[in-house]
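# Working through the structure, step by step
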2 protein chains.
Amino acid sequence: MSVHTSELKSEHTRIKRAANRAVYERETVHAILDEAVVCHVGVIVDDRPIVIPTLHARVGDQLLLHGSPASRMLRMAKTSEICVTVSLIDGWVLARSALHHSVNYRSVTIVGRPEVVPKEEKVEMLDALMERLTPGRNAHLRPMTDKEIKGTSLLRMPITDAAAKVRTGPPIDDEEDYDLPIWAGVVPIITTLGPPETDPAMRMEVDIPDHVHTFRS
Amino acid sequence: MSVHTSELKSEHTRIKRAANRAVYERETVHAILDEAVVCHVGVIVDDRPIVIPTLHARVGDQLLLHGSPASRMLRMAKTSEICVTVSLIDGWVLARSALHHSVNYRSVTIVGRPEVVPKEEKVEMLDALMERLTPGRNAHLRPMTDKEIKGTSLLRMPITDAAAKVRTGPPIDDEEDYDLPIWAGVVPIITTLGPPETDPAMRMEVDIPDHVHTFRS
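What comes next concerns the included structure. (Residues numbered from 1 in each chain as written. Chains lettered and ligands numbered in written order. Predicted model: local features only at pLDDT ≥ 70, side-chain atom pairs only at ≥ 80, totals over all residues. Heavy atoms only, no water.)

### Topic: the pairing of strand S6 (residues 102-112) of chain A
Residues and elements named next belong to chain A. For S6, the buried fraction is high: ten of the eleven residues fall into the buried class. As judged from the eleven bridges shared by strand S5 (residues 82-94) and S6, these two strands associate in the antiparallel manner. What sits directly across from Ile82, in S6, is Gly112. (Buried < 20%, exposed > 50% of the residue type's maximum accessible area, 1.4 Å probe, protein only. Helix = DSSP H or I, 4+ residues; strand = E, 2+ residues; numbered from the N terminus. Pairing = 2+ DSSP bridges.)

### Here we look at the packing of aromatic side chains
Across all of its chains, the model carries two aromatic pairs over all chains by this definition. Measuring from ring centre to ring centre gives 5.5 Å for Trp92 of chain A and Phe215 of chain B, while their planes differ by 80 degrees; the resulting arrangement is edge-to-face. Of the two residues, Trp92 of chain A is situated in strand S5 and Phe215 of chain B in the segment after helix H6 (210-213); the pairing between them involves two chains. By relative accessible area, which is 3% here, Trp92 of chain A ends up buried. Residue class for Phe215 of chain B comes out buried when judged on its relative accessible area of 2%. (Phe/Tyr/Trp six-rings, centres within 6.5 Å; stacked < 30°, edge-to-face > 60°.)

### Focus on the interface of chain A and chain B
On the chain B side, the residues contacting the 105 residues of chain A number 105 residues. Regarding the contact of chain A and chain B, the summed buried area is about 9000 Å², with carbon and sulfur atoms giving 66% of it. When the buried area of chain A at its contact with chain B is split by residue, Trp92, Leu99 and Trp183 of chain A rank highest and sum to 9% of it. Close ionic contact of Arg203 of chain B with Glu175 of chain A constitutes a salt bridge, the shortest N to O distance being 2.9 Å. Joining chain A to chain B, the criterion identifies 34 residue pairs in polar contact (both at pLDDT 80 or more). Of the residues belonging to the side of chain A that touches chain B, the class tally is 58 nonpolar, 25 polar and 22 charged. By the bridge criterion, five bridges tie strand S10 (residues 185-193) of chain A to strand S10 (residues 185-193) of chain B in an arrangement that is antiparallel. Note on S10 of chain B: the bridge partner recorded for Leu193 of chain A is Ile189 of chain B. (Contact = heavy atoms within 4.5 Å. Buried area = accessible area lost by both parts, 1.4 Å probe. Salt bridge = Lys/Arg side-chain N within 4 Å of Asp/Glu carboxyl O. Polar contact = N/O pair within 3.5 Å; in protein donor to acceptor, adjacent residues only side chain to side chain. Nonpolar A, V, L, I, M, F, W, Y, C, P; charged D, E, K, R; others polar.)

### Quick notes on the nonpolar core
Val37 of chain A together with Trp92 of chain B are the most contacted members of the largest nonpolar core, which totals 28 residues. If you list the elements that add at least two residues to this core, you get strand S3 (48-59) and helix H4 (119-133) of chain A together with strand S5 (82-94), strand S6 (102-112) and S10 of chain B. Here this core takes five residues from H4 of chain A, the largest share from any one element. For Val37 of chain A, the residues in contact, after removing those within four places along its chain, are Leu55, His56 and Arg216 of chain A together with Ile89, Trp92, Val103 and Ile189 of chain B. One finds Val38, Val117, Met130 and Leu141 of chain B within the second-largest nonpolar core, a separate group that totals 27 residues. (Core = buried A, V, L, I, M, F, W, Y, C linked by side-chain atoms within 4.5 Å.)

### With respect to H4 of chain A
Taking 1.5 Å as the rise per residue, H4 of chain A with 15 residues should run 21 Å; its terminal C-alpha atoms sit 21 Å apart, in good agreement. All buried positions along H4 of chain A are accounted for by Lys122, Met125, Leu126, Ala128, Leu129, Met130 and Leu133 of chain A. (Expected span 1.5 Å × (residues − 1).)

Shown next as structure tokens:
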């Protein structure tokens, strides 16, 4: 999982420029954001970096960040710029020499200044967040209360300064090492969903609904 | 994936103190670090936070960070303090109301100042890194060359200021919502390894070795 650049320029500049393995297609960025369950948000607090895992959802060209962790960090931060990184790890890349080992991955990094979703758009955005995270489920739930809506932090950030990086395929070894009798290849890392586990605190029999059977599939 | 604290104190202080869902057992921290494939490293560059995914390995009470991304960042950083966060996502927690939805997860956050592994310990530490990432494989590979060793960045950081956070189990709903006829529960997220895929560029037949069949199992 290495990055190669010829010079040590500003990382932010670097993210915006072409780099090895960088992919700029909007569709790639969106697909990675949509597949990942959590993102890692970097903020500066007391002149130190903090990295917080949190749920996210892409709605159009906006990234929604839910909940208190990111919001609390932002209130404490001196700069309102944050960095959001999402990583999907697809496989172990086993090479013929130690230092050519790698992982196959897809990642997205977005930098920007998030804003608090204003009151008048909050319900719509919370519904969009729910629909993205748990498709089809919102209609089955009891409505959110005003108190809940008021007490929930929701941030959004435009997905503009974003870059995807993708590594796929077998190892890249030194030319002469291909003659060595060493097995090389990829061990895929696969993420799946297990069968739904009903809450033991259920007070009545309720069939598992379709949106759970087809959850994020 | 929320955090509850009564006051907005320094996040670094918070990490060191007890917080909801915080688990301080060394074994828990180590187990999460060992299971995770990548970590997310937060550094400050040009007064902005950057979050970089990279491979890590725990060796005893040290965290090894491999490769150029973190090293490059550190050279560019004004402060040498970093934040390393590792997250394992175990399931979707589907509650009876929208805002009690969550994910089951295990995460570790470590703050500290990494140091470059000195020349005289580098081979030993690179071997330890390989053994941790790809157990049993190093003995099958061609030895590292002096040039490779010299050209590789390896950082280590003591795992001292570390905290684990864990959420497990079914949703926690509002008391009155348990009477609603809404299915609630958990959809597990499962990470497995697929069958090894032999490099199509292999120049000879080599059986898949045992350490690949039993890879990180």
